[in-house]
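What follows is each chain in one-letter form.
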Amino acid sequence: MSESAPSPAPAVVAVLLAGGVGARAGYDQPKQLALLGGKPVLRWSLDAFAAHGGLSGGVLVGNDDVMAAVGMLPEGWISAAPGDERQQSVANALAALAGFPDDAAVLVHDAARPGVNAAVIDRLLAALADGAEAAIPTLPVPDTLVAQADGVAGDVVDRGALARVQTPQAFRLGTLRRAHAAADGAAATDDAQLVRRIGVPVAAVAGDARLHKLTYADDMAILSGLLETGRMMQNAVGMGYDVHRLVADKPLWIGGIEIAHSHGLEGHSDADVALHALTDAILGALGDGDIGDHFPPSDPQWRGAASHRFLSFAATRVAARGGRIAHVDLTIIAEAPKIGPHRQAIRERIADILAVSPLRVSVKATTTERLGFTGRREGIAAQAVATLSLPDDRA
Ligand code: MG
């Protein structure tokens, strides 16, 4: 480079870590591949980095399943194999970036935080442009914090002295290389800690609520709400129907509550006919089979199971698809006991299980004028209709 030529801006690249197995999220696949708003969780970050004009590319660290789910990488992106630990995955990415100069900027990001966006990327890069060698997004701690042991709350911890650390974390590439070389196998949960160990200060910039980390299954619903911007949603309606036989001297569970009665419903689980119909209605709207597919009566683990587990499972499937429950309408068909006095309790219980407002839950009851098996008090039937709002990604 001649002395008179202006220096080109240093390259900016991303390292997207999609190597973790994500067992805690409770999904049957790695959490970074679960669908959020109709696309794999890791794709949200990849798209955000690819759309940012300041980046020239990056390294996606993931196994063959990850690469198969992503398909063709955006321009300027390459892949690297994951290590057994996060730190090794970053080291593999650094090896893949060997051709970049030390003054390049690198953004290291966990795919389990799909809400990365241009605003936070800009804040991090501005900190590097101002001279920082490392910058991380942090958020204040809004809750009171206490020490806790054996289920007993102890002393308050000063939350003003604490911050929550997010990713992406930005570094000058040479600094991150030195930090990883110096770590020599000593583990850290993020790269900023390794950089601090070699004596380099880490600047903190404002984090972003949308960088919420996907850890537990409930986080899918939170992230759906945080990230649902500009997606076309479409209603889907499903129906469910169920019948169980009434037998003497059994507890009677209907709509998630126990109702005092001479008879109860017979079945493999607690035989809650109303929750079964409702579960099938939601699964029907998802096109996701029925309750028997997911909880086979032949499986002894569901013997006597409380049916709210089936219903909350269905709600989790809705959230995983980036959808929400718009409304459910339930009709319980029974000659006895009288359901009317319990309608409000059932409504509130179902709303609680589905994590929606009771305004989105309707519970009705009818008899069949003493006609048929319900009229003869041989059994109780239930019908349900579920209306879901789902991302319009069905071809
Ligand atoms: Mg049933």
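Definitions and cut-offs
Residues numbered from 1 in each chain as written. Predicted model: local features only at pLDDT ≥ 70, side-chain atom pairs only at ≥ 80, totals over all residues. Heavy atoms only, no water. Helix = DSSP H or I, 4+ residues; strand = E, 2+ residues; numbered from the N terminus. Buried < 20%, exposed > 50% of the residue type's maximum accessible area, 1.4 Å probe, protein only. Contact = heavy atoms within 4.5 Å. Areas by Shrake-Rupley, 256 points an atom, 1.4 Å probe, with all protein chains shown as cover. Lys, Arg positive; Asp, Glu negative; His and termini not counted. Charge placed at Lys NZ, Arg CZ, Asp CG, Glu CD. Pairing = 2+ DSSP bridges. Axes fitted to C-alpha atoms, helices over the stretch in contact; angles between N-to-C directions. Domains from an automatic or database assignment. Buried area = accessible area lost by both parts, 1.4 Å probe. Salt bridge = Lys/Arg side-chain N within 4 Å of Asp/Glu carboxyl O. Polar contact = N/O pair within 3.5 Å; in protein donor to acceptor, adjacent residues only side chain to side chain. Nonpolar A, V, L, I, M, F, W, Y, C, P; charged D, E, K, R; others polar. Phe/Tyr/Trp six-rings, centres within 6.5 Å; stacked < 30°, edge-to-face > 60°. Lys NZ or Arg CZ within 6 Å of the ring centre and 35° of its normal.

Draft legend 1. Structural detail: the overall build of the protein. Counting its regular elements, the protein contains twelve helices and 19 strands. Principal-axis analysis of the C-alpha atoms gives the protein an extent of 95 × 55 × 35 Å. A burial count over the protein gives 47% of its 395 residues as buried. Contacts in the protein between residues far apart in sequence, at least 24 positions, make up 69% of those at least 6 positions apart. Accessible surface for the protein amounts to roughly 19,000 Å². Of this, 52% is attributable to carbon and sulfur atoms. Both charge centroids of the protein, one from 34 positive and one from 44 negative side chains, sit 5 Å from each other.

Draft legend 2. Spotlight on unusual backbone geometry. Note the cis peptide between Thr167 and Pro168, where omega equals 10 degrees. When you line up the elements, Pro168 lands in the loop between β10 (164-165) and β11 (169-172). Residue Pro337 is reached from Ala336 by a cis peptide bond, and omega for that bond is 0 degrees. Positionally, Pro337 belongs in the loop between β17 (324-333) and α11 (343-354). Of note in the backbone geometry, Glu369 takes a positive phi value of approximately 55 degrees without being a glycine. Locating Glu369 in the fold gives a position in the loop between β18 (361-366) and α12 (372-375).

Draft legend 3. Examining the sheet that holds strand β19 (residues 379-391) more closely. Pairing in this open sheet of five strands is mixed, and the strands run β16-β13-β19-β17-β18 from one edge to the other. Each having just a single partner strand, β16 (263-266) and β18 make up the two edges of the open sheet. The mean angle between the axes of side-by-side strands here comes to 25 degrees, regardless of whether they run parallel or antiparallel. Examined bridge by bridge, β17 and β18 share six bridges and lie parallel to one another. Counterpart to Val328 in the pairing with β18 is Val361.

Draft legend 4. Main features of the domain arrangement of the protein. Domain boundaries assigned for the protein yield domain 1 (12-227) and domain 2 (233-391). When each unit is reduced to the centre of its C-alpha atoms, the spacing between domain 1 and domain 2 is 41 Å. Opposite the eleven residues of domain 1 that make contact, domain 2 presents eight residues. Of the roughly 560 Å² buried between domain 1 and domain 2, counting both surfaces, carbon and sulfur atoms make up 60%. Across the contact surface, domain 1 and domain 2 share zero salt bridges. Counting the contacts that link domain 1 with domain 2 gives one residue pair in polar contact (both at pLDDT 80 or more). At the level of secondary structure, the elements contributing two or more residues to the side of domain 1 that touches domain 2 comprise β2 (35-36) and α7 (218-227). For the side of domain 1 that touches domain 2, the per-class residue count stands at six nonpolar, four polar and one charged.

Draft legend 5. Region of interest: the environment of Leu42. For Leu42, the location among the structural elements is in helix α1 (residues 41-51). Once you skip the residues sitting within four places of it in the chain, Leu42 turns out to touch Leu16, Ala18, Gln32, Leu33, Leu60, Val66, Val70 and Ala111.

Draft legend 6. Quick peek at the packing of aromatic side chains. A full pass over the atoms with the stated rule returns five aromatic pairs. Look at Phe295 and Trp302: their rings are 4.8 Å apart centre to centre, the planes differ by 85 degrees, and that puts the pair in the edge-to-face class. Classification of Phe295 by relative accessible area gives buried; the value is 11%. Residue Trp302 is classed as buried on the basis of its relative accessible area of 10%. Centre to centre, the rings of Phe295 and Phe310 are 4.5 Å apart; their planes meet at 40 degrees, and the pair counts as tilted. With Phe295 in the loop between α9 (291-294) and α10 (308-320) and Phe310 in helix α10, this residue pair connects regions lying 15 residues apart in the sequence. Residue classification places Phe310 among the buried residues on the basis of a relative accessible area of 4%. For the cation-ring pair, Lys39 lies above Trp44, with the distance from its terminal atom to the ring centre recorded as 4.5 Å.

Draft legend 7. Region of the structure containing the pattern of salt bridges. Applying the stated rule across the entire model yields ten salt bridges. Between Arg43 and Asp47 there is a salt bridge; the shortest N-O distance is 3.0 Å. Here Arg43 and its partner Asp47 are both found in helix α1, four residues apart, which amounts to about one turn of the helix. Bridged by salt links that share partners, the residues Lys39, Arg43 and Asp47 form one connected network.

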